[in-house]
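Fold and contact review
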Amino acid sequence: MRLKVALLTLTIGVAVFFAAPAWAQDEKPKICLYKVSGTVGINQLKKLRRALHLAFSQREEFQTITVNAYRRMARRLRISKRKRTNLAAFKKIAKILALDYGLTARIVRQGRGFNLVLRAIGTQKGNELFREVHSLPGPRLSSAKAKVIVDSFGQSLLAKEVDTQSDQAETEALGLSLDLGKDDAAVQTPDGQEETGISTAEDAAWASAAEDWGDDSAAAGDAGTVETSTSDLRLELSGRMAVENHTYFKELPGNKIPGRNSVDLALQAKAGADNIQATGTFLIRQDFSDQQRDRLEAEEVTIGYTQENFSFNVGKTTVSWGSASMMNPTDIINHRDMRDLIDTEKLGSWMLRLGWILGPVLAEVFYLPVPDAHLLPLANELDAEGIPTSRSRWFLDVFPRAAPGDPAIVYQIGTAELPNATLKNGQLAFRLATSFTGFDLSIGYGYMFDRLPTLHQEVTPPSAEQAYVNIDLSMDYQRLHMFTADLESVVGKFRFAAEALVVLTRDLDDADPEIDNPYASMVLGVDVRTGQFNDDHDLHFFLEFGYTRSLVGELISTPLSLLRHPFELAAFGRVRYEWGQDLNLDLNLISQLERIDIIINPEIEWILFDKLTAKLGFLYLYGSGDDSLLAHFKDNMRITALLELVF
């Protein structure tokens, strides 16, 4: 019955998805502050963007779309970071998001102070409608000052229509001569070219780096860039070096891995000409405590082609589905390194990706020819008693042992081999995304292999030939039908996000106790930012609720099912306190609501010179009861430290 209800709900959702754009209308203009650049540091630009976005979102006359929504749409269209704010990309993204205006901000040095230039861009032609110039004593913008600036700009945006032939003529006609100094220098047009004033290579690098901030692409891509270009070919080089340490409070018996002491070096190169882009990221990792984490590989290798309404990409890359901040059940495309269950790492997959713009809808198709699976802390040896074990501190030691006086138990461990990379074993997924009345909505489907193996046990009881119990353990990877839905909206200071995943396994009628029953996983979240106080302080709150239930029968209980459904009903929370330009304090909390299972993870981050980041964190784990995941890992509390340099 629950399976029928879930399928009926999904069908109704698909119908609403296609019907809604036809009838859903809103009179409020939809705006997006999609570009913030200038001759100051990356973190100052982050603060400037947040202050301006919050001020715009507080005006009831507008629907405000976040820059993250803009960036997500750019990634879905496979538009490179360099191109996502130029004229062609802006018009394409604005069409999908149904924007009425695009807004840009640029802050430049002017004498001893700074000029802040705000511009409104038309979404049809990509032309500049008008601009305002405000003088500031410094690059910081308080919430009160941002409100004054945005009130003036917003009133003009709603009240005036201007001639766009001459910037000076526009300013005089509107009476917007708010400049207390000189005219702005190095103001950029929507296609990214300089209009007037002084321009330096350093300024261009800062602007490029600022547009990448907050993106969830490969880590090396978030670094600063060294760029060379000609009229036909562009080349960007960037890199990241990191040193990381995990120190556990308690040593465990059995030669367990004592911690983490690793060095990462990631180098990235991007090249593009006209509509063709290529990216390559090479990662070198040496872990002196856990050799399984060593990596020497191409982390990302892609080549893509983009035109007006079509994009094509092929190679090894990562894809992010989902709008929630802390739990993403709909993120089904890539596999992960889960050998540390708290600090997982998304890995690149080989895929072909196609995208089309069909009116207000973006359609995407993914084909993954090579099956891949999560990397897990699985048993790889037997202990002195013949019980499966592993050196990993995150191995689930739940295999039964013989009681005194009972026959011994002998285990045989089989290997979990992935299906071969054949046409028959290819994985296929597609997604449709649109935006209407302030909502970003997407639905998807994947015909995938389960990233987690299914555990099979064959028990042979004692007999005349053998005096012990023999248990053969084997694993395989099952096919799954996966349906996804995502929803995101911004209302004033609040951002709401929801995700839902329905998984249909082979065991539709609850007949096989070793195969997972069909299940659904959902998350509902909200986050809010207070805005700046004490001039340069900021608080950001996140709250999410996750819920997983079987659609037929009950969720099975095996060691691997605990990894598949670690939080059946849980609350996720995060508080971020930003103190000044370079200091962030985070408190992450996760708690089961049906049992005692708690994660507490405070962290502090300090950014030096916009290039060097130092992080220090503490991980506290507590769980109780046999059905608790964290009860098995209470001794894995630790201190973490990271030092990362981007260049």
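Data block above holds the structure.
Quantities reported herein were computed from a predicted structural model and do not represent experimental measurements.

1. Focus on the sheet that holds strand β1 (residues 30-38)
Here 5 strands make up an open sheet; going across it, the order is β2-β1-β3-β4-β5 and the pairing mixed. Both outer strands of the open sheet, β2 (63-65) and β5 (128-136), are each paired with one neighbouring strand and no more. Averaged over neighbouring strand pairs, the angle between their axes works out to 25° when direction is ignored. Of the pairings in the sheet, the one linking β1 to strand β3 (residues 101-110) comprises 7 bridges and is parallel in character. Residue pairing for β3: Lys35 is matched across the bridge by Thr104. In this fold helix α3 (residues 67-76) packs onto β1 and β2, with an angle of close to 85° to the strand it touches most, β1.

2. A closer look at the pairing of strand β28 (residues 583-592)
Here β28 shows a buried face lined by Asn584, Asp586, Asn588, Ile590 and Gln592 and an unburied face lined by Leu583, Leu585, Leu587, Leu589 and Ser591. The sheet contact formed by strand β27 (residues 569-579) and β28 spans 10 bridges and is antiparallel. Bridge pairing in β28 places Glu578 opposite Asn584. Remark: 3 residues form the turn of the hairpin made by β27 and β28, two consecutive strands paired antiparallel; Gly580 in that turn has positive phi of roughly 75°. Between β28 and strand β29 (residues 597-608), which pair antiparallel in sequence order, lie 4 residues.

3. What to know about helix α4 (residues 87-97)
Burial in α4 covers these residues: Ala89, Phe90, Lys92, Ile93, Ala94, Ile96 and Leu97. Sitting at the amino-terminal end of α4 is Asn86, which places a side-chain oxygen 3.0 Å from the backbone nitrogen of Ala89.

4. Looking at the nonpolar core
Looking at soluble globular proteins, one finds that nonpolar side chains tend to be buried together. Formed by 33 residues in total, the largest nonpolar core has its most connected members in Tyr411, Leu563, Ile599, Leu621 and Phe633. Discounting chain neighbours no more than four positions away, the residues touching Phe633 are Leu341, Arg393, Trp394, Phe395, Leu396 and Leu621.

5. Some details on the packing of aromatic side chains
According to the stated counting rule, one finds 17 aromatic pairs in the structure shown. When the centroid spacing of 4.6 Å and the interplanar angle of 25° are considered together, the rings of Tyr34 and Phe90 count as stacked. Placement of Tyr34 in strand β1 and of Phe90 in helix α4 is noted, with a sequence separation of 56 residues between them. With respect to class, Tyr34 is no different from Phe90; both count as buried. Between Tyr445 and Phe483, the aromatic rings sit 5.2 Å apart at their centres with planes inclined by 50°, giving tilted as the arrangement. You can see Tyr445 sitting in strand β20 (residues 439-449) and its partner Phe483 sitting in strand β23 (residues 479-491), a full 38 residues away along the chain. Residue Phe483 is classed as partly exposed on the basis of its relative accessible area, which comes to 21%. Taken together through their ring pairs, the aromatic side chains of Phe56, Phe62, Phe130 and Phe153 make up a single cluster. We note Arg393 situated over the ring of Tyr248; from NZ or CZ to the ring centre the distance is 4.0 Å. Stacked on the ring of Phe542, the Lys or Arg Arg574 has its end atom at 5.3 Å from the ring centre.

6. Notes on the pattern of salt bridges
Opposite charge on two side chains permits them to pair, given that their charged atoms come into close proximity. Following the criterion strictly, the structure yields 35 salt bridges and no others. Across the salt bridge formed by Glu61 and Arg59, the nearest N and O atoms sit 3.1 Å from each other. Notably, a salt bridge pairs Asp383 with Arg401, separated by 3.3 Å at the nearest N-O pair. Taken as a pair, Asp383 in the loop between β16 (381-382) and β17 (388-389) and Arg401 in the loop between β17 and β18 (409-413) lie far apart in primary sequence, 18 residues in all. One salt-bridge network, held together by shared partners, links Glu244, Arg260, Asp340, Asp343 and Arg638.

7. Section: the sheet that holds strand β22 (residues 469-476)
With respect to topology, 3 strands assemble into an open sheet ordered β18-β22-β21, the strand pairing being mixed. In this open sheet, the two strands that pair with only one neighbour each are β18 and β21 (454-460). If you compare each strand with its neighbour and ignore which way they point, the axes differ by 25° on average. Note that β18 and β22 share 5 bridges and pair parallel. Across the sheet, residue Gln412 finds its bridge partner in β22, namely Asp472.

8. Quick look at the pairing of strand β11 (residues 310-317)
Here 6 bridges tie strand β10 (residues 295-306) to β11, and the two strands are oriented antiparallel to one another. Paired with Val301 across the bridge in β11 is Lys316. Between the antiparallel neighbours β10 and β11 lie 3 residues. By the bridge criterion, 8 bridges tie β11 to strand β14 (residues 349-358) in an arrangement that is antiparallel. Bridge assignment links Asn313 to a residue of β14, and that residue is Arg353.

About the cut-offs
In every chain, residue numbers begin from 1 and rise along the written sequence. With the structure being a predicted model, the display of local features is reserved for residues of pLDDT at least 70 and the display and counting of side-chain atom pairs for 80 or more, all residues being used for whole-chain, interface and lining totals. Side-chain numbers come from the whole structure's heavy atoms, not from hydrogens or water. Think of it this way: DSSP has to see at least two bridges between two strands before they count as a pair. What counts as a helix is a DSSP run of H or I of at least four residues, what counts as a strand is a run of E of at least two, and both are numbered from the N terminus. In this analysis, axes come from line fits to C-alpha atoms, helices being fitted only over the stretch in contact, and the angle between any two N-to-C directions falls in the range 0 to 180 degrees. By definition in these notes, contact holds between two residues if any of their heavy atoms fall within 4.5 Å. Type-normalised accessible area, obtained with a 1.4 Å probe on protein chains alone, sets the label of each residue: buried when under 20%, exposed when over 50%, and partly exposed for intermediate values. What qualifies as a polar contact is a pair of N or O atoms within 3.5 Å, subject to a donor-acceptor requirement within protein and to the restriction that residues adjacent in sequence count only when both atoms come from side chains. What makes a nonpolar core is a set of buried Ala, Val, Leu, Ile, Met, Phe, Trp, Tyr and Cys residues whose side-chain atoms join them at distances within 4.5 Å. Between the rings of Phe, Tyr and Trp (Trp by its six-membered ring), a pair exists once the centres lie within 6.5 Å; its type follows the angle of the planes, with under 30 degrees stacked, over 60 edge-to-face, and the other angles tilted. Our definition puts a charge over a ring when NZ of Lys or CZ of Arg is within 6 Å of the ring centre and also within 35 degrees of the ring normal. Salt bridges are defined as contacts in which a side-chain nitrogen from Lys or Arg sits within 4 Å of a carboxyl oxygen from Asp or Glu.

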